[in-house]
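Structural features, examined
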Amino acid sequence: MGLTSHKVLALTVLIAVVMMAGTVWLWPRFAKKSWQAVLGRIGVLLATQLSVLAALGLVANNYFSFYSSWDDLLGTGDSGPVVIHNKADASGRLLVETIGHASVQGGGAMGREPGKSGEIRKVRIDGAATRLSTDGYVYLPPQYFQPEYAQKQFPVVIVSTGFPGLAENLITRFNYPGAALKLLQDGKIQPTVMVLMRPSPALPQDTECEDIPGGAQSDTYFTKDVPSAIQASFRVSTDPQAWAFMGNSTGGYCALKLAMRHPDVFPTAVSLSGYYQAADDPTTGDLFGGSKQRRDEADLMWRLKNLPQPKVNVLLAGTKQGDGNYKHDTEAFVDAVQSPGPMKISYSMLETGGHNFETWSKLLPSSLEWLSQHLKVPNPTA
């Protein structure tokens, strides 16, 4: 049974309840003043606490989708670099492989007709340059299937979860497609293709969207391989002004960092509760090959103070209270941006809210509206 299986959760909860009841039932027997009774009390307390913690951990994991499988949890999976097996277009660019479909829910969705609600395709995106691969979803807006838009090229936003979240969270927890559809129907955003992904194409490692010396080249994967595959597979604009990166937590850090590093690829970015320095923990390992320069360049505050500021538009969204030092770090980042200067920065903050889906879902509609205002698809006939 899988880690996220309801049967596993039900069994774990049942064991916890039985252990608690058993502890209450057996406690009088361990009331004696003997070493056997003391060991018995210690044993039943530990067993009960472990079973309750396991049940609570599974409930939290099933809600937040931190880990999708036992391999994810234990770090035993092999989801890293794979052999490229996808088809290519006439120019040799790899095509996105469709491996399934999902229905658009909420947000004014009308049945399963793509021309009314759009279409969600589950895809596998292989990288020609990096030989990395990851699964995700592509949301095509209803206009993509309407005859009057047959010659239209659409803008694109790559959306990333936090680590180690599932790309599916962007549909089931955030409902990006439903939120975008509602805003589209209300005339508040332009039709946009969304590419929904995880932030690391080399699981179980958290790559922090870095090109790791001797390891996974995640920066290159997101800035070269993914745009190339999407452009080869869908009717989207190739102009950088029509492309953006957006994400929450780790995905927010990736969005901001990739925009600052590659303004020619992602001149627009949205960071929902993103941080400003690369994480450094057992899931990341040594991302920089011991190089202080590489580590400094991954520190976004350091980049602001020591490198020319890029010509980009970014939105920072989060909360004033409830999310650690986010408010302080964001205000320091905003203050460090030169004004006037090439980097244009906007920010929005809720009064309170945690580092969670509920907070980010509240920030999503206004963030998508801001994003749509900055995506530009040049007129091909101009």
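These remarks concern the structure in this document.

About the cut-offs
Residues numbered from 1 in each chain as written. Predicted model: local features only at pLDDT ≥ 70, side-chain atom pairs only at ≥ 80, totals over all residues. Heavy atoms only, no water. Phe/Tyr/Trp six-rings, centres within 6.5 Å; stacked < 30°, edge-to-face > 60°. Helix = DSSP H or I, 4+ residues; strand = E, 2+ residues; numbered from the N terminus. Buried < 20%, exposed > 50% of the residue type's maximum accessible area, 1.4 Å probe, protein only. Patch = residues over 30% accessible without salt bridge, like charges linked within 9 Å, V, L, I, M, F, W, Y side chains within 5 Å. Areas by Shrake-Rupley, 256 points an atom, 1.4 Å probe, with all protein chains shown as cover. Salt bridge = Lys/Arg side-chain N within 4 Å of Asp/Glu carboxyl O. Expected span 1.5 Å × (residues − 1). Polar contact = N/O pair within 3.5 Å; in protein donor to acceptor, adjacent residues only side chain to side chain. Contact = heavy atoms within 4.5 Å. Axes fitted to C-alpha atoms, helices over the stretch in contact; angles between N-to-C directions. Parallel < 35°, antiparallel > 145°, perpendicular 65-115°, else oblique. Left-handed = near helix turned anticlockwise from the far one by under 90°. Nonpolar A, V, L, I, M, F, W, Y, C, P; charged D, E, K, R; others polar.

Moving on, we get to the packing of aromatic side chains. Tallied over the full model, the rule gives 12 aromatic pairs. Ring geometry for Tyr276 versus Phe333: centroids 4.9 Å apart, planes at 25°, classification stacked. Here the residue Tyr276 occupies a position in the loop between strand S7 (268–272) and helix H9 (292–297), and Phe333 occupies one in helix H11 (residues 326–336), the gap between them amounting to 57 residues. Comparing Tyr276 with Phe333, the two get one shared label, buried.

Okay, a nonpolar patch on the surface next. Taken together, the side chains of Trp35, Val38, Leu39, Ile42 and Leu46 define a hydrophobic patch exposed on the protein surface, amounting to about 510 Å² of accessible area. Relative to the assigned elements, Leu46 resides in helix H2 (residues 35–64).

Next up on the list: helix H8 (residues 250–261). The end-to-end C-alpha distance of H8 is 16 Å, a good match for the 16 Å that 12 residues give at a rise of 1.5 Å each. Of all 12 residues in H8, 11 are buried, a share of seventy percent or more. Residues Thr250, Gly251, Gly252, Tyr253, Cys254, Ala255, Leu256, Lys257, Leu258, Ala259 and Met260 constitute the buried set of H8.

It is worth spelling out the environment of Glu97 at this point. If you trace the backbone, Glu97 turns up in strand S1 (residues 97–102). As for Glu97 and Lys122, which are separated by 25 residues in sequence, their C-alpha atoms are 8.5 Å apart.

Positionally, Ser273 belongs in the loop between S7 and H9. A distance of 3.3 Å separates polar atoms of two side chains, one belonging to Ser273 and the other to Asp323. A polar side-chain atom of Ser273 sits 2.8 Å from a polar atom in the side chain of Trp360. In this view, Ser273 contacts Ser249, Ala317, Gly318, Asp323, Tyr326, His355 and Trp360; residues no more than four positions away in its chain are not counted.

For the pair helix H6 (residues 176–185) and helix H12 (residues 357–374), interaxial distance at closest approach is 10 Å and the crossing angle is 60°. Comparing their axes, H12 and H6 come out oblique. Between H6 and H12 lies a crossing of right-handed hand. Every residue of H12 that contacts H6 at Tyr176, Ala179, Ala180 and Leu183 is listed here: Leu364, Pro365, Leu368 and Glu369. Split by residue class, the contact of H6 with H12 holds seven nonpolar, no polar and one charged.

Another aspect to go through is the side chain of Thr220. Here Thr220 is to be found in helix H7 (residues 218–233). Residue classification places Thr220 among the buried residues on the basis of a relative accessible area of 17%. A distance of 2.7 Å separates the side chain of Thr220 from the side chain of Asp211, its partner in a polar contact. Ignoring any residue separated from it by four or fewer positions in sequence, one finds Thr220 in contact with Ala129, Thr130, Asp211 and Asp225.

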